[in-house]
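Structural description and commentary
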Amino acid sequence: MKHFDAIIIGTGQAGPSLAGRFSEAGKTVAIIERLKFGGTCVNTGCIPTKTMVASAYAAHVARRGAEYGFSVNDVRVDMKRVKARKDAVSGRSNKGVEQWLQGLKNCTVIEGHARFQSSNVIIVNDEVLQADKIYINVGGRASIPEMPGIHDVPFLTNSSMMEVDFLPEHLVIVGGSYVGLEFAQTYRRFGSEVTIVEMGPRLIGREDEDVSQAVREILEVEGIKFRLNAKCISLAKHAGGVAVDVTCDEGSPDVVGSHVLLAVGRVPNTRDLGLDAAGVATDDRGYIIVDDQLQTNVPGIYALGDCNGRGAFTHTSYNDYEIVADNLFNGDHRRVSDRIPAYALYIDPPLGRCGVTEAELRKSGRRALMAKYPMSRVSRAFEKAETQGFMKICVDAETKQILGAAILGVGGDEVIHILLDVMYAKAPYTVIQRAMHIHPTVAEYLPTLLSKLEPFA
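Attention here is on the structure that accompanies the text. (Residues numbered from 1 in each chain as written. Predicted model: local features only at pLDDT ≥ 70, side-chain atom pairs only at ≥ 80, totals over all residues. Heavy atoms only, no water.)

1. Some remarks on the sheet that holds strand 20 (residues 390–396)
Heads up, the condition is: Paired strands are those between which DSSP finds at least two bridges. Here a helix means four or more residues in a row that DSSP labels H or I, a strand means two or more in a row labelled E, and each is numbered from the N terminus. Residue contacts follow a heavy-atom distance rule, with two residues in contact if any of their heavy atoms lie within 4.5 Å. Angles run from 0 to 180 degrees between N-to-C directions of axes, and those axes are lines fitted to C-alpha atoms, restricted for helices to the stretch in contact.
Strand order in the open sheet made by the six strands is 17-18-21-20-19-22, with antiparallel pairing throughout. Of all strands in the sheet, those bounded by a partner on one side alone are strand 17 (342–345) and strand 22 (454–455). Relative to strand 20, strand 19 (residues 368–374) runs antiparallel, the two sharing seven bridges. Within strand 20, the residue paired with Tyr373 across the bridge is Met391. Its contacts with the sheet put helix 7 (residues 209–221) on strand 17, strand 18 (351–355), strand 19, strand 20 and strand 21 (402–408), and the angle it makes with strand 21 is roughly 10°.

Take a look at the structure:
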């Protein structure tokens, strides 16, 4: 049996950084990876997909060349070259994580499948490892729903899409949320026909209705089709590829596509870790239950990242690491509950989100003010000929602190951080109005937007 000060299972966004902190502190640490170094973000999530989004954006702008005063004839996308570029960018990060870990002092890197034998013992590749502190950072994967016909037809997920080096003739995407919408616009811009099938009455149901509607309009302009209220979805083989039965109130009862992408949520990679042997509790969906410091019900065992159900983003996983590391090494008292929700939808233009939604505020009954401003009146957006979307901010009527915001428009994924920083500082929104902002930018319009705050109607 080999003893370590800490064992880390998984090399997503939290694990490697935590290994680095143990190494710096002179502690021995073992970090275990059974598949690809870097986890979802590096291999099948943020980095490869946003690389593809960038390729799709370049093709889209080229086709719009006449609007900018130039012309490019016959824009064609070479999917093999798109994939090669994506693989190169993703591979660089993957190798970077592995090489950095291999070079850490006091760090033992093990490739294999880790399982708990007890609350402080891990078995991997027939090796027995022991540590008083164990950190689980195993991430999640695409959910495969038990819908009729699911085992009778080929289908794609966000992971298998990374191997696609051809242009699907007609990509049918089951799921009208963040992952599905990003792939929809990307492949439409590559040249595929795209249809989104969504069980709910509208897209991205967690967002406000005006955001949902604006996103739909942005995508519809590009030729993406939608089948909403698809209550009874099933799949079947078809001469044209795959038939997706949608049984909607309007339109034909099915959609026939050459390929189907399932984008209906995520599940944690916790089923085969031997958590029962360690006594670690999970909820009914398999997520590991943690407290405000990310410790499980078993002292000394922590769960970070997507597998704990406390966030499903690269930045929440990394923030989990920061919370654990500061509490452990700096004597801090950081908590998950101090975290302000923040994320982005990387369609073009992007949606930047932080805090609560307008709908959540209205439901709470809290006295609040709100302002909304169209991107078509923002100089920077007009200059770039990217005027779709709007900015919306909600603030507390008494404290004047920002409660939430949505910026759907060019630069929205960057501008949102100005508001997020002010929220963490617990400063009133008037601080933003006193700042001098650079022209021409999108951010300079935040004071203008805030000057239009009014009570909820």
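2. Brief notes about the nonpolar core
Under the convention used in this document: Nonpolar cores are built from buried Ala, Val, Leu, Ile, Met, Phe, Trp, Tyr and Cys residues. Side-chain atoms within 4.5 Å join them into one set. Partly exposed describes any residue whose relative accessible area lies between the buried limit of under 20% and the exposed limit of over 50%, with all areas from a 1.4 Å probe on protein chains only and scaled to the type maximum.
Membership of the largest hydrophobic core comes to 48 residues, with the highest contact counts inside it found for Ile7, Phe116, Ile122, Leu129, Tyr135 and Ile136. When residues no more than four places from it in sequence are discounted, the contact partners of Leu129 are Lys2, Phe4, Ile7, Ala30, Ile32, Ile110, Asn120, Val121, Ile122 and Val124. If you look at the next biggest cluster of nonpolar residues, it comprises 37 residues, including Met52, Leu181, Ile204 and Val215.

3. Digging into the pairing of strand 8 (residues 170–174)
For a regular strand, side-chain orientation follows a simple rule: the groups alternate between the two sheet faces. The condition is simple: Handedness is read with the strands pointing away from the viewer; a crossover is right-handed when the path from the first strand over the helix to the second is clockwise.
Across the five residues that make up strand 8, a large majority, five, are buried. Because side chains alternate across strand 8, one face comprises the buried residues His170, Val172 and Val174, and the other comprises Leu171 and Ile173, equally buried. Here five bridges tie strand 8 to strand 9 (residues 193–197), and the two strands are oriented parallel to one another. Paired with Val172 across the bridge in strand 9 is Thr195. In the classification by handedness, the crossover that spans strand 8, the intervening helix 6 (residues 178–190) and the parallel strand 9 is right-handed.

4. Focus: the packing of helix 3 (residues 46–63) against helix 6
A pair of packed helices can be characterised by two numbers: the angle between their axes and the separation between those axes. For clarity, the threshold we go by: These descriptions rest on fixed angle ranges, namely under 35 degrees for roughly parallel, over 145 for roughly antiparallel, 65 to 115 for roughly perpendicular, and the rest for oblique. Each crossing is labelled by how the near helix is turned from the far one, with a counterclockwise turn of less than a right angle marking it left-handed and a clockwise turn marking it right-handed.
As a packed pair, helix 3 and helix 6 sit with axes 8 Å apart at the nearest point and diverge in direction by 45°. Taken together, the axis directions place helix 3 and helix 6 in an arrangement best described as oblique. As helix 3 packs across helix 6, the resulting crossing turns out to be left-handed. Only Glu182, Phe183, Thr186, Tyr187, Arg189 and Phe190 of helix 6 make contact with helix 3, whose side of the interface consists of Thr49, Lys50, Met52, Val53, Ser55, Ala56, Tyr57, Ala59, His60 and Arg63.

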